[in-house]
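Examination of the molecular architecture
The residues making up each chain are set out below.
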Number of protein chains: 2
Amino acid sequence: MEVKARAPGKIILSGEHAVVHGSTAVAASIDLYTYATISFPIAENDDSLKLQLKDVALEFSWPIGRIKEALSNLGAPSSSTPTSCSIESVKSISALVDEQNIPEAKIALASGVSAFLWLYTSIRGFKSATVVVTSDLPLGSGLGSSASFCVALSAALLALSDSVNVDAQHQGWSMFGEPDLELLNNWAFEGEKIIHGKPSGIDNTVSTYGNMIKFRSGNLTRITSKMPLKMLVTNTKVGRNTKALVAGVSERTLRHPNAMSFVFNAVDSISNDLANIILSPAPDDVSITEKEEKLEELMEMNQGLLQCMGVSHASIETVLRTTLKYKLASKLTGAGGGGCVLTLLPTLLSGTVVDKVIAELESCGFQCLIARIGGNGVEICIGGSS
Amino acid sequence: MEVKARAPGKIILSGEHAVVHGSTAVAASIDLYTYATISFPIAENDDSLKLQLKDVALEFSWPIGRIKEALSNLGAPSSSTPTSCSIESVKSISALVDEQNIPEAKIALASGVSAFLWLYTSIRGFKSATVVVTSDLPLGSGLGSSASFCVALSAALLALSDSVNVDAQHQGWSMFGEPDLELLNNWAFEGEKIIHGKPSGIDNTVSTYGNMIKFRSGNLTRITSKMPLKMLVTNTKVGRNTKALVAGVSERTLRHPNAMSFVFNAVDSISNDLANIILSPAPDDVSITEKEEKLEELMEMNQGLLQCMGVSHASIETVLRTTLKYKLASKLTGAGGGGCVLTLLPTLLSGTVVDKVIAELESCGFQCLIARIGGNGVEICIGGSS
C-alpha cells in the first residue's frame, strides 16, 4: 500500500514586513511541491518507522518499540483532533531525534524531523512504515518549504485514517473536500509550531487551500485569482536572519514613527490594489497584458517600500538590476536580506528572453525556478503511481 | 578693473519629486562654485562685449553697437529693479545669440548665453567688458549649475553698480549684506526664467544665500545647519528628461492615488526629520556620528521611496550597490533617471576608504566630486586676485 501527497510552496506577492505593522499582505501558492509518500508494510520482521529526506540525503529509522517507549504517555492516536505537542512530548521526541545523530551541517532539519514524529504518531499511532519526502522547494528560503512538508505529511497520514474521505478508486491526483482541508490545515499548523515556534499560519493555509490569501491583522481571506500568473523565482542562496530583519524594521519604526506609518499604509494600498487586479476578469490578451503591467508597477512600488524599510540586500539588488535590463519587474519575497526574488514573466514574453535572464542570473550563482501562481492546494494520490 | 564673484551649486538632500505633490524638501549649497569675472576696460579700440565659457570652450563677442541696435527698446539700465525679459526682448537676444553660431553639440547652452545678455545689459547697460565664466559644477546634472551661473553673474554685475554696497578695500572673498542678497537673488531668478521657463526659485535662492533651505508648496524657509556635512557627489553622466520623470510620477499617482499619497507623506516626514537632525546641536564626535547614522537611515529611506515613485535608474543602482559595499548610504539627488547620487561621508571615515570608493565609482565611468554641504552663498572679490 502506498499513499502519496503533494503540497505546494508559497510566495508573498505583497505586504511582507508591513503585515507585522497592520498592513494587508497577499500570499499565493506556487506549483512547486513537497511530496510525502507513505508505504507499508515494509520488509518482514522490520517493525520500524523510517523517514527518508531525499533532497538532503538523510535517512532515519526508529524501532516502533523505541517510539512507544519514548512516547508512552501519548495514548491512542486521535486523527480527528489536532493537538499541540506538549513541552514534555517535545523533549521525548527531541531525544528520539538526537539518537539519530544528524550531522552538524544539517542540524537545522532536526525540528522538521520532530514535527514528522509528532504528526505521524498523533495521526497514525505506533505503526511501521517508510515515509519518503522529496521537494521542488529550496529549504529555508521563504518559499514555505516547512509548511508544505507539514501539509503533505498530514495529508498522506490523514488519507490513511478514518477522519477524511478519499476516493481510493480515483486515478492520479485528487483534492480533498472542504472539511477535510480544515482538519488537515490544523494538523499541519501543529507541525509548523514545532518547527517555527509561533508561525503565522499563512504558509500552511496557502499550502493547504492553494490559490491566494489576503491577510491582515491575523485575519485570512481566501481569494481566487482570475488571471494566469507566472513568476521567475530567483533564490539568491543568501541566508538571512528573519527575526533580526523583522526587529530592524520595528526599530526603524520606533525611530521614525510618522514616516514608517505612511510607508506601511502605502504597502496596504498596494496589496489591496494588487488583489483587485488579480480578482478582476481579463477577457483577452490585451487586458491580460494591461493587468500584468499594473502588477509590475505595484511590484516595483512594493520593492521600493521594502528598501525604505531597510530589508533589501546587495544580492537582491543584483537580481533587480539584471531583470530590469530585460524590462522585467522584480521584488523580494518574504523576509528579504537575501532569500528569494520574484520576477513577473508576462504571458507574451518570449521563451528566448526568459532563457537569457535565467542564464544571466545563474551565472551570478543564483538558483532560478519558474512557478505558476495560485494553483491547487494539497492533493492526494492513492496507489502512488503519479 | 576686475570683479570676480563665485556662487555655489546645490543638492537636494530630501524631497525631490514629492515636493511637486506637496511634500517638504530640503536643499543645501555645496562648496562647488561657478565663477564669473568681469574685466574692463578691454583692449583699446575694442568696443565689444565678450563672454568666455571656459569649461565648454566657447567664446562670444558682440560689438556694443550691435547690442545697442538689437536692444534699442531697453532704455537705460536699472540695476535696482529686477525686470523680466519680455517676449520681444527674448527674440532680439536670441538673434544676437544665433549670430554667434554655437556648434550644434553645444546648442543647449544658448539659453544661458541669452540669460547672460539680459542680465548684463539690464544691470550694466551697453558697456564693453570681458566676462569669463568657469565652474566646478558639471552642467545639466541637477547640481544647480545654471542658477549658480546666474547668481555669480548678477553678483559681479551688481558689484559694479550703485545698487549694492561692496567694500572695495576688503582682501579676498566677502559676502553681501541681506538687502543686497535679495536684489541679487531676484536678478538671478530673472536669468533662470530665461534658461528654464518656470524655475522653482530654489536653486538660485540656495546659491545666493548658501546654507540650507526647506521648501514646501512654494514657501522657502532658510535654515542654518548645526553640523558639518560632507557628501560624495557621483555624477552618473546619464542624461535624463526631467519633465518626463516628473510626468511619470504624476501618472503613477493618478493610477495609485492612495498608495502614492502615503509615499509623499512619508517623504514629508523624512524631510522634516532630516531638517531637525541638522538643526540640533552636536557637541562632540559621538553625537556627530549618531546624527550621521540617522541621516544615513533617512537617505536610505528616501531612496527607497524614490524607487517606489519609479525615478531610479540602473546607473543610480550601480552607485548604491558600490557604496553599500563600504557601508555608506546613498540616494539620488534631483530628478533621478541618471544624474547625480549623494553619498554621506561620515566625519570619522578614513581617507583610504574614500579613495577606494571613488576609484571603484570612477572605474564605472562616473565622475566623483567631494562637497561640503551648507556653506556660504554668493561671494565677491574686488580686484580679483583670489
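These figures come from a predicted structure and were not determined experimentally.

1. With respect to the packing of helix α4 (residues 145–159) of chain B against helix α6 (residues 202–209) of chain B
All names here are of chain B. Between α4 and α6, the shortest axis-to-axis distance is 8 Å and the interhelical angle comes to 50°. One way to sum up the angle between α4 and α6 is to call them oblique. For the pair α4 and α6, the sense of crossing is right-handed. Only D203, N204, S207 and T208 of α6 make contact with α4, whose side of the interface consists of A147, S148 and V151.

2. As for the pattern of salt bridges
One pass over the full model with this rule turns up 26 salt bridges over all chains. Here K10 of chain A and D203 of chain A are joined by a salt bridge, their closest N and O atoms 3.1 Å apart. Pair noted here: K10 of chain A is in strand β1 (residues 2–14) and D203 of chain A is in helix α6 (residues 202–209), with a separation of 193 residues, a long-range link. On the basis of relative accessible area, K10 of chain A is assigned to the buried category, the value being 6%. D203 of chain A sits in the buried class, given a relative accessible area of 18%. The partner of R252 of chain A in a salt bridge is E297 of chain B, with the nearest N and O atoms 2.8 Å apart. Taken together, the positions of R252 of chain A in helix α7 (residues 242–255) and E297 of chain B in helix α9 (residues 285–309) put the pair across two chains. You'll find R252 of chain A and E297 of chain B in the same group, each marked buried. What emerges from the salt-bridge pattern is a single network uniting R252 and R255 of chain A together with E297 and E300 of chain B.

3. Points about the nonpolar core
Counting residues in hydrophobic clusters, the biggest one holds 116 residues, and the most contacted among them are L13 of chain A together with L13 of chain B. Here L13 of chain B is in contact with V26, A27, A28, M212, M231, L274, I278, N302, K331, L342 and I373 of chain B, once residues within four sequence places are set aside. One finds L71, I93, V133 and C150 of chain A within the second-largest nonpolar core, a separate group that totals 57 residues.

4. As for the sheet that holds strand β9 (residues 230–235) of chain B
All names here are of chain B. Judged by pairing direction, the sheet is antiparallel, and its four strands sit side by side in the order β10-β11-β9-β12 without closing on themselves. The sheet terminates laterally at β10 (330–333) and β12 (367–372), the two strands that pair on one side only. Across this sheet, the average inter-strand angle for adjacent strands is 30°, counted without regard to direction. For β9 and β12, the ladder comprises six bridges, and the chain directions are antiparallel. For T234, the partnering residue across the bridge sits in β12 and is C368. Sitting on the sheet, α9 touches β9, β10 and β11 (340–344), and the angle it makes with β10 is about 55°.

5. Focus on the state of the cysteines
All names here are of chain B. Scanning all chains against the criterion turns up zero disulfides over all chains. Residue C340 stays outside any disulfide, its sulfur separated by 10.0 Å from that of C368, the closest cysteine. C340 gets classed as buried once you look at its relative accessible area, which sits at 0%.

6. Here's the deal with the side chain of E292 of chain B
Residue and element names in this part refer to chain B. By the element assignment, E292 lies in helix α9. Lacking a salt bridge, the buried E292 has K230 as its closest oppositely charged neighbour, with an N-O distance of 9.0 Å. Excluding its chain neighbours within four sequence positions, the residues that come into contact with E292 are M227, L344, P346 and T347.

7. Remarks on the domain arrangement of chain A
All names here are of chain A. Assigned domains within chain A: domain 1 (2–224 + 375–382) and domain 2 (230–372). A C-alpha centroid distance of 28 Å is found between domain 1 and domain 2. The interface is formed by 30 residues belonging to domain 1 together with 36 residues belonging to domain 2. Interface area, domain 1 with domain 2, both sides summed: about 2,500 Å², of which 62% is carbon and sulfur. The largest per-residue losses of area from domain 1 upon contact with domain 2 belong to E16, H17 and H21, which jointly make up 25% of the total buried on that side. Applying the counting criterion to the domain 1 and domain 2 interface returns two salt bridges. Note that D268 is salt-bridged to R216, the shortest N-O span being 3.5 Å. Our count for the domain 1 to domain 2 interface comes out at 14 residue pairs in polar contact (both at pLDDT 80 or more). Looking at the side of domain 1 that touches domain 2, the elements with two or more residues in it are β1, β2 (25–39) and β7 (212–216). At six residues, β2 tops the list of elements feeding residues into the side of domain 1 that touches domain 2. When grouped by side-chain class, the residues that make up the side of domain 1 that touches domain 2 number 13 nonpolar, 12 polar and five charged.

8. Brief notes about the interface of chain B and chain A
Contacts between the two partners involve 26 residues from chain B and, on the opposite side, 26 residues from chain A. Each partner contributes to the roughly 2,400 Å² buried at the junction of chain B and chain A, and carbon and sulfur atoms together form 60% of this total. If you look at where chain B meets chain A, you find six salt bridges. In this structure, E297 of chain A engages R255 of chain B in a salt bridge whose closest nitrogen and oxygen atoms are separated by 2.7 Å. Seen at the junction of chain B and chain A, the total is 12 residue pairs in polar contact (both at pLDDT 80 or more). The set of elements that each furnish at least two residues to the side of chain B that touches chain A consists of α7 (242–255), α8 (257–279), α9 and α10 (314–325) of chain B. Per-element accounting of the side of chain B that touches chain A gives the leading share, 10 residues, to α8 of chain B.

9. Some thoughts on the side chain of E190 of chain B
Checked against the element boundaries, E190 of chain B lands in helix α5 (residues 178–196). Excluding its chain neighbours within four sequence positions, the residues that come into contact with E190 of chain B are P82, T83, S84, C85 and W118 of chain B.

The rules behind the values
- Residues numbered from 1 in each chain as written.
- Chains lettered and ligands numbered in written order.
- Predicted model: local features only at pLDDT ≥ 70, side-chain atom pairs only at ≥ 80, totals over all residues.
- Heavy atoms only, no water.
- Axes fitted to C-alpha atoms, helices over the stretch in contact; angles between N-to-C directions.
- Helix = DSSP H or I, 4+ residues; strand = E, 2+ residues; numbered from the N terminus.
- Parallel < 35°, antiparallel > 145°, perpendicular 65-115°, else oblique.
- Left-handed = near helix turned anticlockwise from the far one by under 90°.
- Contact = heavy atoms within 4.5 Å.
- Salt bridge = Lys/Arg side-chain N within 4 Å of Asp/Glu carboxyl O.
- Buried < 20%, exposed > 50% of the residue type's maximum accessible area, 1.4 Å probe, protein only.
- Core = buried A, V, L, I, M, F, W, Y, C linked by side-chain atoms within 4.5 Å.
- Pairing = 2+ DSSP bridges.
- Disulfide = S-S within 2.5 Å.
- Lys, Arg positive; Asp, Glu negative; His and termini not counted.
- Domains from an automatic or database assignment.
- Buried area = accessible area lost by both parts, 1.4 Å probe.
- Polar contact = N/O pair within 3.5 Å; in protein donor to acceptor, adjacent residues only side chain to side chain.
- Nonpolar A, V, L, I, M, F, W, Y, C, P; charged D, E, K, R; others polar.

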